[in-house]
Amino acid sequence: MFQSWYSTCPRGAEDALERELRSVGAKGIRAGRGGVRFTGEREVALRACLELRTALRVLEPVGEFAATTAEELYDGAAKLPWSELIARGQTLAVAASGRAERLTHTHFVEQKLKDAVVDALRARTGFRPDVDPATPDVLIVAHLAEGACKVSLDLAGDLLSNRGYRVRTVEAPLREALAAAVVLYSGWEGATPLKDPLCGSGTLAIEAALFSARRAPNAGRRLACERWPRTAAQDATLLAQLRRELGARVVQPASIFAADRDPAAVEAATANVRAAQVPVQVALEDVREMHPLDPPGHLLLNVPYGERLEAGGRKPLKTFYHQLGAALRRLKGHRATVLSGSEDFESAFGVRPRGPRRVLWNGPLRCTLYQYEF
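Residues numbered from 1 in each chain as written. Predicted model: local features only at pLDDT ≥ 70, side-chain atom pairs only at ≥ 80, totals over all residues. Heavy atoms only, no water.

Participant: Would you mind showing me how to read the pattern of salt bridges here?
Facilitator: Pairing between side chains of opposite charge can happen when the charged atoms of each approach one another. In the structure shown here, the tally under the stated rule is 24 salt bridges. Note that E60 and R230 form a salt bridge whose closest N and O atoms lie 3.4 Å from each other. Of this pair, E60 sits in strand β4 (residues 57-66) while R230 is found in the loop between α7 (203-212) and α8 (232-248), placing the two residues 170 residues apart along the sequence. Residue R288 is joined to D286 by a salt bridge in which the shortest nitrogen-to-oxygen separation is 3.0 Å. By relative accessible area, which is 23% here, R288 ends up partly exposed. Assessed through its relative accessible area of 19%, D286 is described here as buried. In this structure, a network of salt bridges that share partners links the residues E43, R47, E51, E245 and R249. (Salt bridge = Lys/Arg side-chain N within 4 Å of Asp/Glu carboxyl O. Helix = DSSP H or I, 4+ residues; strand = E, 2+ residues; numbered from the N terminus. Buried < 20%, exposed > 50% of the residue type's maximum accessible area, 1.4 Å probe, protein only.)

Shown next as structure tokens:
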């Protein structure tokens with residue numbers, strides 16, 4: 001049976017998510033800001049949970065109601081069929097986003113929704129579910145916009161970008177879904193050598209390796225919907241079949257390298273590569289002394305915004321960008337995809353980008369994605 005679904009993503013990654021959804025068989029695709037609506041059988045939504053690289057959540061809509069006040073929010077949520085959705089002994093959590101004129105605090109919205117769900121279940125069934133914000137059996141996701149509240153259930157129960165391989169980190173790490181969007185937007189097809197010479201904790205290189213190996217990024221995780229009584233039996237059968245299919249398609253990835261001049265970053269990247277079980281070679285190296293790939297390949301760079309460079313404001317950062325441009329111009333036959341959150345980058349880098357620039361949002365930070373050929 002066809003249903004409506006909704007998948008969220010980092011802002012700017014909607015085009016990539018749309019293409020991914022088409023590849024898993026989704027229909028009726030309608031992209032919006034920070035997410036994409038689609039229709040399909042339940043198998044399509046489950047496949048999306050396992051396969052999508054740029055998605056943050058895959059949501060099953062439960063209901064929508066007017067919500068401009070706390071009373072409307074509580075009353076509307078209490079009328080939804082929670083006794084059909086949450087079983088005795090299961091835990092829940094609420095994640096809210098957006099705002100209304102008199103509902104501006106996310107934590108208050110989450111608390112009011114939780115109260116409505118708990119009170120409704122106690123009134124209709126006699127039991128009161130516990131709240132587990134870390135690993136709930138049922139994660140209720142609410143979004144406030146234009147005077148209405150849309151309520152959904154998260155099929156995975158946690159952000160799909162939490163792949164599980166980030167065991168070590170550095171300051172301001174790039175989130176997995178955004179890194180995957182950079183890989184997909186880069187135009188790299190996964191066959192030629194690839195290197196991230198400013199690797200930080202290694203996320204770009206790891207996501208590139210998963211893409212090259214055709215590994216579904218979340219095939220190994222257990223989804224929350226596998227614990228829902230109303231869907232567990234059907235989902236178990238479908239997911240077992242999907243995991244077998246996805247496991248059979250994995251191939252050996254291309255040669256992928258990561259490097260950084262910060263020993264702490266190299267240690268973090270090495271630990272994360274090991275946890276992700278991908279064959280990425282990590283080295284201590286200054287990008288300004290980088291040697292060409294053999295054969296020439298693709299570079300992915302999330303250039304620093306200043307956190308890991310010398311103190312002194314914008315001048316040393318602009319100097320670094322200029323030195324980076326000079327170093328990459330020596331790499332004849334290579335392509336590069338660069339993500340930058342600095343307004344100084346393009347002019348200081350000194351190389352004209354190929355094709356249009358693309359805007360991506362790293363949380364609240366507006367970034368630009370540039371493409372280069374050398």
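Participant: What is the right way to look at the sheet that holds strand β3 (residues 35-40) in this model?
Facilitator: Two pairing modes exist for strands in a sheet, parallel and antiparallel, and in both the strands are linked by backbone hydrogen bonds. Taken together, eight strands build an open sheet; the order of strands is β2-β3-β1-β4-β8-β7-β5-β6 and the sheet is mixed. One side of each edge strand has no neighbouring strand; the edge strands of this open sheet are β2 (27-32) and β6 (130-131). Here helix α2 (residues 42-51) sits on the sheet and contacts β1 (3-8), β3 and β4; the angle it forms with β4, its principal contact strand, is near 120 degrees. Sheet strands in contact with helix α5 (residues 106-125) are β5 (91-98), β6 and β7 (138-145), and its direction is about 140 degrees off that of β5. (Pairing = 2+ DSSP bridges. Contact = heavy atoms within 4.5 Å. Axes fitted to C-alpha atoms, helices over the stretch in contact; angles between N-to-C directions.)

Participant: I tried to follow the environment of D158 on my own but got confused; where do I start?
Facilitator: Its place among the elements puts D158 in the loop between β8 (148-154) and α6 (176-185). Separated by 66 residues in the primary sequence, D158 and A224 place their C-alpha atoms 8.1 Å from one another. Excluding residues within four positions of it along the chain, D158 makes contact with L56, R57, L139 and R221. At a separation of 3.3 Å, a polar atom in the side chain of D158 contacts the side chain of N162. (Polar contact = N/O pair within 3.5 Å; in protein donor to acceptor, adjacent residues only side chain to side chain.)

Participant: Teacher, can you tell me more about the layout of surface pockets here?
Facilitator: Any space left empty among the atoms is revealed by the rolling of a water-sized probe across them. Put simply, the largest pocket is a space of about 1200 Å³. In terms of residue count, the dominant contributor to the lining of the largest pocket is β4 (five residues). Of the pockets and cavities examined, the second largest pocket occupies roughly 400 Å³. If you trace the second largest pocket, you find 15 residues lining it, with E20, S23, R53, L184 and F211 closest to the centre. Examining the composition of the lining of the second largest pocket, we find that four residues originate from one element, helix α1 (residues 14-23), more than from any other. (1 Å grid on protein atoms, 1.4 Å probe; cavity = no way out; pocket = protein on both sides within 12 Å on 5 of 7 lines; lining within 4 Å. Points joined across faces, edges and corners; volume = space filled by probe spheres on them.)

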